[in-house]
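Breakdown of the fold
Chain by chain, the residues:
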Amino acid sequence: MSKQCIKAWVSGRVQGVWYRRATQEQALQHGLTGYAKNLPDGRVEVLLCGEEEAVRAVTQWLWQGPPEARVSQVSLEEAAPRDPDAFITL
């Protein structure tokens with residue numbers, strides 16, 4: 001199985017609605033590592049590392065988010081391979 005890291009920037013109503021925590025839960029359910037953090041401009045930055053299929057599944061979920069979120073855009077780019085040992089929220 002192939003591993004990858006993807007960095008995502010999520011725009012919309014994604015701060016103050018438990019977006020980071022819900023992302024962490026999704027990542028952990030799929031066995032991924034990385035982080036989710038709020039950015040000063042209102043977006044959330046997410047790093048997802050792990051098996052390609054799991055990364056793809058959580059990347060698709062980013063468009064949905066938790067019930068109170070209203071996602072307007074998800075920008076993705078491949079990230080340099082890393083091996084973080086957990087998924088954290090910053």
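Residues numbered from 1 in each chain as written. Predicted model: local features only at pLDDT ≥ 70, side-chain atom pairs only at ≥ 80, totals over all residues. Heavy atoms only, no water.

The UniProt feature table records "active site" (unreviewed entry) at Arg20 and Asn38. The named residues occupy 19 residues along the chain; their greatest pairwise C-alpha distance, 7.8 Å, places them in one compact cluster. Tracing the sequence through the fold places Arg20 in helix α1 (residues 19–29). Owing to a relative accessible area of 27%, Arg20 belongs among the partly exposed residues under this scheme. Every residue in contact with Arg20, bar those within four places of it in the chain, is listed here: Ala36, Lys37, Asn38, Val44, Thr89 and Leu90. Summarising the element assignment, Asn38 is placed in strand β2 (residues 33–38). In this structure, Asn38 is in contact with Gln15, Arg20, Arg43, Val44 and Leu90, ignoring residues within four places of it in sequence. (UniProt positions renumbered as here; feature names shortened; annotations may be inferred. Helix = DSSP H or I, 4+ residues; strand = E, 2+ residues; numbered from the N terminus. Buried < 20%, exposed > 50% of the residue type's maximum accessible area, 1.4 Å probe, protein only. Contact = heavy atoms within 4.5 Å.)

With that settled, consider the environment of Leu47. Note on placement: Leu47 falls in strand β3 (residues 44–51). We classify Leu47 as buried; its relative accessible area is 2%. Between the C-alpha atoms of Leu47 and Ile6, which are 41 residues apart in sequence, the distance is 5.8 Å. Those residues in contact with Leu47, other than ones at most four positions away along the chain, are Cys5, Ile6, Lys7, Thr33, Gly34, Tyr35, Ala79, Arg82 and Phe87.

This part takes up the pattern of salt bridges. Counted under the stated rule, the structure contains three salt bridges. Of the charged contacts in the structure, one is a salt bridge between Glu45 and Lys7, with a shortest N-O distance of 3.8 Å. One end of the pair, Glu45, is in strand β3; the other, Lys7, is in strand β1 (residues 3–13), with 38 residues separating them in the sequence. Residue Lys7 is classed as buried on the basis of its relative accessible area, which comes to 16%. With a shortest N-O distance of 3.9 Å, Glu52 and Arg56 are connected by a salt bridge. One end of the pair, Glu52, and the other, Arg56, are both in helix α2 (residues 52–61), four residues apart, so they sit about a helical turn from each other. (Salt bridge = Lys/Arg side-chain N within 4 Å of Asp/Glu carboxyl O.)

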